[in-house]
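# Survey of secondary and tertiary structure
Listed below, chain by chain, are the residues.
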Amino acid sequence: AGALRLRCHVCEDHRLAVTQVPMHCDHCQRKLRTPLRSYMEFVADMQFACLSGSGLTGARLCTPCFRQLSGAGDGPVGRGGADSSRRVALMGASIPVTAFREVQIRRRRADDAADEDAAVAEAQNWVQCDLCHQWSHWVCSLYNHLAHVRAAGVAGAPAAADAEEDGAPFHCARCCAQRGVDRPVPLTTVADLPETALSRRVEAAVARALAEDGVS
């Protein structure tokens, strides 16, 4: 006999459909996948992200774009064959060619991809509404477990990060709408996120880019 399975009352399914976000070249927007063999990747450190003024934290380029932007021509693109004096101008930043590393693109067989996606879909956390007692995926119900544990700790209840029953009560969106009640723990908003020097620079860079493109 098959194992009993919960059904999320939000998405109405047991398995949460998870789709891997495709990677794109940051210059030509080409998808970085087979038949390409590799791509070039740059990951900024904190000093570069703060001092460049661009807010750039990383970049990926397909090999043709990397050759074009770096002036490498038909020469080798790896670090061993890179001219340390060359730089790549991308998204308002000037990046040394030697800061890029070559990343091989692994070819995924259809069976392997299906197995990986199924494993991710099964490995989901669940939460039960304290009013209607129906179950839902954390992500479907916008449930923030850490916020509920912290709220329970403030109220004097035990706060075990791995024990759902030790968190503050949870009310699903359907019960809040039908019964006219509020969530015991309000949803986190952007205003609740902590600010850092890097986040402020990133926000400023995004605002400048939007203004240059006429987006208000």
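Everything discussed here concerns the structure shown above.
Not measured: the values here are computed from a predicted model.

### Thoughts on the overall build of the protein
For the protein, the helix and strand inventory stands at seven helices and seven strands. For the protein, the succession of helices and strands along the chain, N to C, is β-α-β-α-β-β-β-α-β-β-α-α-α-α. Evaluated residue by residue, the protein yields a buried proportion of 28% over its 216 residues. Sequence separation of at least 24 residues holds for 55% of the intrachain contacts in the protein that already meet a minimum separation of 6. For the protein, the exposed area adds up to about 14100 Å²; of that, 52% sits on carbon and sulfur atoms.

### Some remarks on the packing of aromatic side chains
A full pass over the atoms with the stated rule returns four aromatic pairs. When the centroid spacing of 5.3 Å and the interplanar angle of 85° are considered together, the rings of Tyr143 and Phe170 count as edge-to-face. Residue Tyr143 is located in the loop between α4 (138-141) and α5 (145-154), and its partner Phe170 is located in the loop between α5 and α6 (173-179); the two are separated by 27 residues in the primary sequence. For the pair shown, Tyr143 and Phe170 are each scored as buried. Through a chain of ring-to-ring contacts, three or more aromatic side chains come together here, namely Phe42, Phe66 and Phe100.

### Description of helix α2 (residues 63-70)
Note: α-helices contain 3.6 residues per turn, so residues at a spacing of three or four share the same orientation. By the burial criterion, the buried members of α2 are Thr63, Cys65, Phe66 and Ser70. For α2, the angular spread of buried residues about the axis comes to 160°, placing them on one side. Here the buried face of α2 lies against β1 (38-43), β2 (58-62) and β3 (87-90). Positive backbone phi, approximately 70°, marks Gly71, located one or two places after α2.

Rules used in this analysis
Residues numbered from 1 in each chain as written. Predicted model: local features only at pLDDT ≥ 70, side-chain atom pairs only at ≥ 80, totals over all residues. Heavy atoms only, no water. Helix = DSSP H or I, 4+ residues; strand = E, 2+ residues; numbered from the N terminus. Buried < 20%, exposed > 50% of the residue type's maximum accessible area, 1.4 Å probe, protein only. Contact = heavy atoms within 4.5 Å. Areas by Shrake-Rupley, 256 points an atom, 1.4 Å probe, with all protein chains shown as cover. Phe/Tyr/Trp six-rings, centres within 6.5 Å; stacked < 30°, edge-to-face > 60°. Arc of directions from axis to C-beta.

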